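Commentary on secondary and tertiary structure
For reference, the chains in residue letters:
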Amino acid sequence: MSAFLAHLDTLLLWAFAGCAFVSAALMLVLRQPMRVAMALVSCMVFLGGVYGLLGLHFIAAFQVLIYVGAVMVFMVYAIMLLDPRDESAGEKYSKLLWPGIIGFALLAEALAVGYWNDLPHAPRGAAGEPFDLARFSQAFLSEYWLHFELTSVLLLAAVVAALAVIKENRRHDHG
Amino acid sequence: MIADLVIAVVFIGYAISVLMGFGTILTWVERKQAAVMSDRIGANRAYIRIPFTQVKLVWWGLFHGMADGLKMLLKEDFKPRTYDWYAYAVAPWVVFTPVLLVFAVIPFGGTITPARLWEPLAAVFGDKSWPMQIAPLDAGILIVFAFSGLTIIGAMLAGWSSSNKFSLLGALRAGSQMISYELVLGLTVLGLILVYGTVDLDAMVRHQSGTVLGFLPAWGIVYQPFAATLFLAAAIAENKRIPFDLPEAESELIAGYFTEYSAMKMGLFMFAEFIEIAIIGALFTTLFLGGYNLPFMSDAGFAFPGGATVAMPHGAVVVTQLATFLLKVFVVCSFQILIRWTLPRFRYDQVLTFAWKFMFPLALANLVVTALVVWWVGA
């Protein structure tokens, strides 16, 4: 009993990680937009659980708060409004099957390399105290604010690029 | 290790029974309070007859909750032909579960030391003490917002998957309204975080057991009266109740996003709404009304302004704190029901205008003024 309790954290960590992996796989495999969104939501929530079990509670909260509470809410909202029920969801494979497989192989390789090279550990203080919100805020606002701002500019560029891609497709349809 | 597990199970059991109890009692309070407010007799028809006698137990209509529960369990579970059956079935749970989870970080009492309550307990628990809170996390209020954001997805999923135009309109309204008011809710709490300098809910409650100006209890509502008003209004809008019940306005949309739900699936939506009243009560109590402590009270006992102190035994402190928390939560719940039976419903454009053009600027102004004052006092 006590041995089971001592390893309860590890057990839960594996359970959450496994569920996150399964939902991530489902997100790639499923074809209906709303189900894809739901798989992504559950993946985010389970990842939040993984962060929480590693002791980074506020990162877990941010994970759920920002990705699910903000980003996914808007995605679900958009899917609900557009209500896309096109026929391609019934086809077995996407047209982009081969690029997908190549991308997956590259990702698997990157993960394997990352696994064999030692992964960085969660940062801890000198006395081994956990990385709490105060320490996070100081590090974030003193060291990483530039990276954060640059990321937001990159995201804006990505949005503009997405718009351009959609416009290109539309022109193609009309022509 | 075993002791930690026992304490956790006891706390979780307590939290679930408190929430379920509030959910059931509030359905009755809502009807009875409406009756009292409009000078009617109110819910008094459901009764239990003692077998073989003519003795009918009415008990002010308290059995109505039981009758409701039985009706929901026994009614036909109607299954509409929908595009996505899975989303339809999972939606009530996506609404219901996060509402329960929010309570995990709310402290419902001070610190408990089982060995000081009853000597023989020391054999199991030692002289260790636990904060009366299921998950004493440093992220506190962030976890509350993280979980309450999930219910929006549930409401939209329910409306979308029902294949009904009324449901879809309701889901649309629910989505826009909850996103708008969640923002206001977050902004009002930011002012409090500035004042207390922490997001840990238990630390916030401890901060509130002191005094301001020598005699006022240092409650959040004294520091931030403006934020307290905005918080309560935004929270009621977030819970989609009158005067903000546009997503389920029965004269326009039948029942809005849960029109196509029946039996216990509909019951889950209703129950989630009533439990959320209690959750709003618990949050408001914790943030603005001094949490589980009476004025001038801390884990050691009372320390009145003027220097008089009253020491209390541990058992009395624990019982007082648990009872105080429940009482405060109940008062806030009753106040919400008072608002529900007093104000008429907004028009839909008014709801969104109210959020973005009235409450949002006010919340921002409150935050700026609070930041300036905190900076000035700190300097």
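Residues numbered from 1 in each chain as written. Chains lettered and ligands numbered in written order. Predicted model: local features only at pLDDT ≥ 70, side-chain atom pairs only at ≥ 80, totals over all residues.

What follows deals with the overall build of chain A. Looking only at helices and strands, chain A features 7 helices and 0 strands. In chain A, which comprises 175 residues, the share counted as buried stands at 18%. Long-range pairs, those at least 24 residues apart, make up 51% of the contacts in chain A between residues at least 6 apart in sequence. (Helix = DSSP H or I, 4+ residues; strand = E, 2+ residues; numbered from the N terminus. Buried ≥ 20, exposed ≤ 12 C-beta atoms within 10 Å, placed from the backbone. Contact = placed C-beta atoms within 7 Å.)

Moving on, we come to the overall build of chain B. Of the regular secondary structure elements, chain B holds 14 helices and 9 strands. In terms of C-alpha radius of gyration, chain B reaches 22 Å, essentially the compact-globule figure of 21 Å for 379 residues. In terms of overall dimensions, chain B has C-alpha extents of about 65 × 65 × 50 Å along its principal axes. Here chain B holds 379 residues, and 44% of them are scored as buried. Across chain B, contacts joining residues at least 24 apart in sequence account for 76% of those joining residues at least 6 apart. (Rg over C-alpha atoms; globule rule 2.2 N^0.38 Å.)

Structurally, the α-helix is built with 3.6 residues per turn, so residues lying three or four positions apart point the same way. Under the 1.5 Å per step criterion, the end-to-end length of helix H5 (residues 97-116) of chain A is 29 Å for 20 residues, consistent within 8% with the ideal 28 Å. Within H5 of chain A, only 0 of the 20 residues are buried, leaving the element largely exposed. (Expected span 1.5 Å × (residues − 1).)

The next thing to look at is the environment of Leu 246 of chain B. Residues and elements named next belong to chain B. Structurally, Leu 246 can be placed in the loop between helix H10 (225-238) and helix H11 (250-253). Each C-alpha atom of the pair Leu 246 and Val 351 lies 8.3 Å from the other, and the pair is 105 residues apart in sequence. When sequence neighbours within four positions are dropped, the list of residues in contact with Leu 246 reads Arg 173, Gln 177, Phe 346, Tyr 348 and Val 351.

Attention shifts here to the interface of chain B and chain A. Taken together, the contacts link 24 residues of chain B with 22 residues of chain A. Taken together, the elements giving at least two residues each to the side of chain B that touches chain A come down to helix H1 (2-37), helix H6 (141-161) and helix H7 (165-196) of chain B. In terms of residues, the side of chain B that touches chain A owes the most to one element, H6 of chain B, which gives 11 residues. Its residues assigned to classes, the side of chain B that touches chain A comprises 20 nonpolar, 2 polar and 2 charged. (Nonpolar A, V, L, I, M, F, W, Y, C, P; charged D, E, K, R; others polar.)

Low-pLDDT stretches of the model should not have their predicted coordinates read in fine detail. Mean pLDDT for chain A: 81, with 81% of residues reaching 70 or above. When mean pLDDT is taken per element in chain A, helix H3 (residues 33-53) of chain A scores highest with 89 and helix H1 (residues 2-6) of chain A scores lowest with 72. (pLDDT = per-residue confidence, 0-100.)

This next bit is on the packing of helix H3 (residues 85-102) of chain B against H6 of chain B. Residue and element names in this part refer to chain B. Where H3 meets H6, the closest approach of the two axes is 8 Å, and the angle between their N-to-C directions is 160 degrees. On the basis of the axis angle, H3 is roughly antiparallel to H6. Crossing geometry of H3 relative to H6 is assigned as left-handed. In contact with Ala 87, Tyr 88, Ala 91, Pro 92, Val 94, Val 95, Pro 98, Val 99, Leu 101 and Val 102 of H3, H6 contributes Val 144, Phe 147, Ser 148, Leu 150, Thr 151, Ile 153, Gly 154, Ala 155, Leu 157, Ala 158 and Ser 161. (Axes fitted to C-alpha atoms, helices over the stretch in contact; angles between N-to-C directions. Parallel < 35°, antiparallel > 145°, perpendicular 65-115°, else oblique. Left-handed = near helix turned anticlockwise from the far one by under 90°.)

Before going further, it helps to examine H3 of chain A. All names here are of chain A. Look at H3: 31 Å from first C-alpha to last across 21 residues, which is about the 30 Å you get at 1.5 Å a residue. Of all the 21 residues making up H3, 15 are buried; the element is thus mostly covered by neighbouring parts of the structure. Trailing H3 by a residue or two, Gly 55 shows a phi angle of about 95 degrees, which is positive.

Once that is clear, we can look at the confidence of the model for chain B. Mean pLDDT over chain B stands at 86; residues scoring 70 or higher make up 100%. This prediction of the complex comes with two scores: 0.84 for pTM and 0.82 for ipTM.

Residue and element names in this part refer to chain B. Looking at the secondary structure, you find Ile 236 in helix H10. Sequence separation between Ile 236 and Ile 280 is 44 residues, and the spatial gap between their C-alpha atoms is 8.1 Å. With near-sequence residues (within four places) excluded, Ile 236 lies in contact with Arg 241, Phe 244, Gln 336 and Ile 339.

The sheet built from 3 strands is open, its strands ordered S7-S8-S9 (chain B) with antiparallel pairing. Since the sheet does not close on itself, it has two edges, and those belong to strand S7 (297-298) and strand S9 (309-311) of chain B, each with one partner. (Pairing = 2+ DSSP bridges.)

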